[in-house]
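Listed here are the chains, written in short residue letters.
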Amino acid sequence: MSVLAYFGLSPRKAIAFEDSPNGAKSASQANLHTVIVPNELTKDLTFERYSIRLHSMLDMDLEQLIDSIEQSGKTSEQHISK
């Protein structure tokens, strides 16, 4: 969290991109918006909490992702795919 403190940001103003359940869990516990993008090894594993699940980083551009997170206003299980 020292990076957030350095920039004067609260955790809810940041987004973590994770490809593993443990990384997503840690990010969520740190109160970060968490976008999961599972890889071939982790795609069938259970992810407990996250804001959005993407199948690829190409599914949504960053501006759309931020808008989607701001509109949802909470952690949920959104699945985005094209």
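Up top you'll find the structure we're talking about.
Computed from a predicted model, the values in this text were never measured in an experiment. (Residues numbered from 1 in each chain as written. Predicted model: local features only at pLDDT ≥ 70, side-chain atom pairs only at ≥ 80, totals over all residues. Heavy atoms only, no water.)

**Re the pairing of strand 2 (residues 33-36)**
Piece 1. Along strand 2, one buried face is formed by His33 and Val35 and the opposite face, lined by Thr34 and Ile36, is buried too.
Piece 2. Relative to strand 2, strand 1 (residues 15-18) runs parallel, the two sharing four bridges. In the strand pairing of strand 2, alanine 16 is matched with threonine 34.
Piece 3. Regarding topology, helix 2 (residues 21-29) serves as the crossover connection from strand 1 to the parallel strand 2, and that connection is right-handed.
Piece 4. Pairing analysis gives two bridges linking strand 2 to strand 3 (residues 52-54), with the strands arranged parallel. By the bridge assignment, isoleucine 36 is partnered in strand 3 with arginine 53. (Buried < 20%, exposed > 50% of the residue type's maximum accessible area, 1.4 Å probe, protein only. Helix = DSSP H or I, 4+ residues; strand = E, 2+ residues; numbered from the N terminus. Pairing = 2+ DSSP bridges. Right-handed = clockwise from strand over helix to strand, strands pointing away.)

**Quick look at unusual backbone geometry**
Piece 1. Despite not being glycine, asparagine 31 shows a phi value in the positive range, around 70 degrees.
Piece 2. Its location among the elements puts asparagine 31 in the loop between helix 2 and strand 2.
Piece 3. Take asparagine 31: its relative accessible area is 40%, and that puts it in the partly exposed class.

**With respect to the layout of surface pockets**
Piece 1. Of the voids in this model, the largest pocket is the one considered here, and its volume is about 150 Å³.
Piece 2. Taken together, Arg12, Lys13, Ala14, Ile15, His33, Ile66, Ile69 and Glu70 make up the full set of residues lining the largest pocket.
Piece 3. The residue makeup of the lining of the largest pocket, split by class, is four nonpolar, one polar and three charged. (1 Å grid on protein atoms, 1.4 Å probe; cavity = no way out; pocket = protein on both sides within 12 Å on 5 of 7 lines; lining within 4 Å. Points joined across faces, edges and corners; volume = space filled by probe spheres on them. Nonpolar A, V, L, I, M, F, W, Y, C, P; charged D, E, K, R; others polar.)

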